[in-house]
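Architecture at a glance
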Amino acid sequence: AQDWVLDREASSVEFEARNSGAALTGHFEDFEADITLDPEDLPGASIDARVSTPSLDGISDSSIRSALRGGGGLGVEAHPDARFVSDEIVATETGYEARGTLTLKGQSHDASLPFTLDIADGRAVADVELEIDRTRYDVGSSWDTVAAPVIVRLHIEADAAE
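Residues numbered from 1 in each chain as written. Predicted model: local features only at pLDDT ≥ 70, side-chain atom pairs only at ≥ 80, totals over all residues. Heavy atoms only, no water.

1. Topic: the side chain of Lys105
The topology assignment puts Lys105 in the loop between strand E8 (96-104) and strand E9 (107-120). When its relative accessible area of 11% is taken as the criterion, Lys105 is described as buried. A distance of 2.7 Å separates the side chain of Lys105 from the backbone oxygen of Asp138, its partner in a polar contact. The contact partners of Lys105, leaving out residues within four places of it in the chain, are Gly71, Gly72, Gly73, Leu74, Gly75, His79, Tyr137, Asp138 and Val139. (Helix = DSSP H or I, 4+ residues; strand = E, 2+ residues; numbered from the N terminus. Buried < 20%, exposed > 50% of the residue type's maximum accessible area, 1.4 Å probe, protein only. Polar contact = N/O pair within 3.5 Å; in protein donor to acceptor, adjacent residues only side chain to side chain. Contact = heavy atoms within 4.5 Å.)

2. Looking at the packing of aromatic side chains
Tallying each qualifying case throughout the model produces two aromatic pairs. Considering the side-chain rings of Phe15 and Phe28, the 5.7 Å spacing of their centres and the 45° angle between planes classify their relative orientation as tilted. Placement of Phe15 in strand E2 (residues 12-19) and of Phe28 in strand E3 (residues 22-28) is noted, with a sequence separation of 13 residues between them. Residue class for Phe28 comes out buried when judged on its relative accessible area of 12%. One Lys or Arg, Arg8, reaches over the ring of Phe31 and ends 5.6 Å from the middle of that ring. (Phe/Tyr/Trp six-rings, centres within 6.5 Å; stacked < 30°, edge-to-face > 60°. Lys NZ or Arg CZ within 6 Å of the ring centre and 35° of its normal.)

3. Quick word on the side chain of Ser11
Its location among the elements puts Ser11 in the loop between strand E1 (3-6) and E2. Among the polar contacts made by the side chain of Ser11, one reaches the main-chain carbonyl oxygen of Asp7 at a distance of 2.7 Å. At 2.9 Å, the side chain of Ser11 and the backbone nitrogen of Glu157 are in polar contact. If we ignore the near neighbours within four places in the chain, the residues touching Ser11 are Leu6, Phe31, His155, Ile156 and Glu157.

4. Focus: the environment of Val13
Mapped onto the elements, Val13 comes out in strand E2. Judged by its relative accessible area of 6%, Val13 falls in the buried class. When the C-alpha positions of Val13 and Glu29 are compared, they lie 7.6 Å apart, and in sequence the two are 16 residues distant. Contacts of Val13, omitting those with residues within four sequence positions, involve His27, Phe28, Phe31, Val51, Arg153 and Leu154.

So, in structure tokens, the structure goes:
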């Protein structure tokens, strides 16, 4: 099994929602991941990824940013981490899929993260696009102008651990 060291400067965690029909985008500055992945040994693969919810940034409207950080939103004080832990990683027609548990705002649910993966010269590049129903995680349950689906986009670059 191959372990990977996340290159945080080259990686990103972004999200997009619709608020009254307009795109609402933001990102998280602080995240980390423990990744073990060899396409030739998928049964030995694992991902344990954490996002620091207080590191939410990129939203210029201070009232929306405050609502998203607050108890009705992500509840960043009570729930400072969102976490995905894989149970298995499988090959698909378009790449791979990490299947496991996503915990957000204290709510844990099964989740599947489809991703593409390119590995060359000891460098791995993966891209994920995942749709999450925010209401399932009790995020903004009373927000009637914000659509329930949130698109999360991850761009991950990592170097092979020695």
